[in-house]
Amino acid sequence: MLGAIVGDIAGSFYESCGLKSYEPEKINLFMAMSRFTDDTVMTLAMARWLTESKDKGAADLTRAMQELGRKYPRAGYGPAFARWLASGEPRPYGSWGNGAAMRVSPVGLYAGSMDEALRLAEVSAAVSHDHPEALAAARAVAAAVYMARHGEGNDAIRAFVENQAGYDLSRTIEEIRPGYRWDVSCRGSVPEAITAFLCADGVEQTVRLAISLGGDADTQAAIAAGIAAARWPVPEWMERECRARLTPELAAIMDEFERTAG
């Protein structure tokens, strides 16, 4: 889960700049303006739900998301999700946006089986993002995290995700980057984020590749690095930069989840 937060913070500065380059020596991942966004807040709400809820039901998840989300109202929520957070009777609203995929990495770390990962991923998305594309994306990312955590290789992850979600993961980042454009749909951003992981050799490179697409940088880096950190350790310098930008409350939720799920 630390990977998703690192990816979110590193990508936050580049979210709107349309970077289309992979030059590690020229790209500072953590700028003075780098910050956590809604991706981090909702990922940690997911972690709190998994840690504290007995039945792992939708009501407890909704409560966890609203309680934490309302404490951080300027985290960058989309208009529809902001209304969901503020609602006294929140209902799913048919979203196919990538918010369903960016917050799901704790599920892949928590689940005791692939079946559980897929089931919890669907619950995690459906409280707000109940479109079939959003449900498929949440399942795909949770499955990739679960498989990476359990030592599965890229070929196995690629095959499972392509079969599960109908994604094309055959291209490299270099093939995708030139013609890629900003896209917040699951179908138009999640396969590319997963590809960043598949093309990398560690968490840092995963983040850099995701940002280099020039798209929804914080969310795509959060998705990609959430998977990567299930395979490789997060470099200590990246964790320090991440923790320096979290509130004590958010850091405590992360630490509690790591103790529980680890």
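Here's a quick rundown of the structure. (Residues numbered from 1 in each chain as written. Predicted model: local features only at pLDDT ≥ 70, side-chain atom pairs only at ≥ 80, totals over all residues. Heavy atoms only, no water.)

**Here we look at the overall build of the chain**
So the rule is basically this: Only runs of H or I of at least four residues qualify as helices and only runs of E of at least two qualify as strands under DSSP, and these elements are numbered from the N terminus. The quantity called the radius of gyration is restricted to C-alpha atoms. Its globule counterpart is 2.2 Å times the number of residues to the power 0.38. Any residue under 20% of the maximum accessible area for its type is buried, any over 50% is exposed, and the rest in between are partly exposed; the area is computed with a 1.4 Å probe on protein chains only. By definition, residues are in contact when any of their heavy atoms lie within 4.5 Å. Only the protein chains shown count as covering a residue, and every accessible area follows the Shrake-Rupley method with a 1.4 Å probe.
Secondary structure assignment for the chain yields 15 helices and zero strands. Whereas a compact globule of 262 residues would reach a radius of gyration of roughly 18 Å, the chain reaches 16 Å, a difference of no more than 12%. Seen through its C-alpha atoms, the chain measures out along the principal axes to roughly 45 × 40 × 35 Å. Here the chain holds 262 residues, and 57% of them are scored as buried. Look at the contacts in the chain between residues 6 or more apart in sequence, and 73% of them connect residues 24 or more apart. On the chain, roughly 10,500 Å² of surface is accessible, and the fraction owed to carbon and sulfur atoms is 50%.

**Some thoughts on the layout of surface pockets**
Our working definition: Any residue with an atom within 4 Å of a point lines the site, the site being either a cavity, points on a 1 Å grid over the protein atoms alone where a 1.4 Å probe fits but cannot get out, or a pocket, an open set with protein on both sides within 12 Å along at least 5 of 7 lines. Grid points are joined across faces, edges and corners, and a volume is the space filled by probe spheres set on the points. In this count, Pro and Cys sit with the nonpolar residues alongside Ala, Val, Leu, Ile, Met, Phe, Trp and Tyr, while Asp, Glu, Lys and Arg are called charged and the others, Gly among them, polar.
Computed from the structure, the largest pocket encloses a volume of approximately 480 Å³. Forming the boundary of the largest pocket are 27 residues, of which Asp38, Gly76, Tyr77, Gly78 and Asn98 lie nearest the centre. Considered class by class, the residues forming the lining of the largest pocket number eleven nonpolar, nine polar and seven charged. Reported here for the second largest pocket is a volume of approximately 230 Å³. Taken together, 17 residues line the second largest pocket, and the ones lying closest to its centre are Met1, Leu2, Leu109, Ala229 and Glu258. Taken together, the elements giving at least two residues each to the lining of the second largest pocket come down to α1 (2-12), α14 (236-243) and α15 (248-261). In terms of residues, the lining of the second largest pocket owes the most to one element, α15, which gives four residues. Considering only residue class, the lining of the second largest pocket consists of ten nonpolar, two polar and five charged.

**With respect to the packing of aromatic side chains**
Basically, it comes down to this: Ring pairs shown here join Phe, Tyr and Trp side chains whose ring centres sit within 6.5 Å, with only the six-membered ring taken for Trp; geometry is labelled stacked below 30 degrees between planes, edge-to-face above 60, and tilted in between. Here, a charge over a ring means that NZ of Lys or CZ of Arg falls within 6 Å of the ring centre while also lying within 35 degrees of the ring normal.
One pass over the full model with this rule turns up six aromatic pairs. Both rings, one in phenylalanine 36 and one in tyrosine 72, keep their centres 5.7 Å apart while their planes meet at 80°; by these two values the pair is edge-to-face. Of this pair, phenylalanine 36 sits in the loop between α1 and α2 (38-52) while tyrosine 72 sits in the loop between α3 (58-71) and α4 (79-86), and the two are 36 residues apart along the sequence. Each member of the pair, phenylalanine 36 together with tyrosine 72, is buried. Pairwise contacts between aromatic rings join Tyr77, Phe81 and Trp84 into one cluster. The ring of tryptophan 232 has arginine 231 sitting right over it, with the charged end atom 5.3 Å from the ring centre.

**Brief notes about the packing of helix α8 (residues 132-149) against helix α13 (residues 217-228)**
Under the convention used in this document: Axes here mean lines fitted to C-alpha atoms, for a helix over just the part in contact, with angles spanning 0 to 180 degrees between N-to-C directions. By the definition adopted for this analysis, an angle is roughly parallel if under 35 degrees, roughly antiparallel if over 145, roughly perpendicular if from 65 to 115, and oblique otherwise.
Look at α8 against α13: their axes get within 8 Å of each other, and the N-to-C directions meet at 30°. As the angle between them shows, α8 and α13 are arranged roughly parallel. For the pair α8 and α13, contact is made by Val141, Ala144, Val145 and Ala148 and by Ile223, Gly226 and Ile227, respectively. Residue composition of the contact of α8 with α13, grouped by class: six nonpolar, one polar and no charged.

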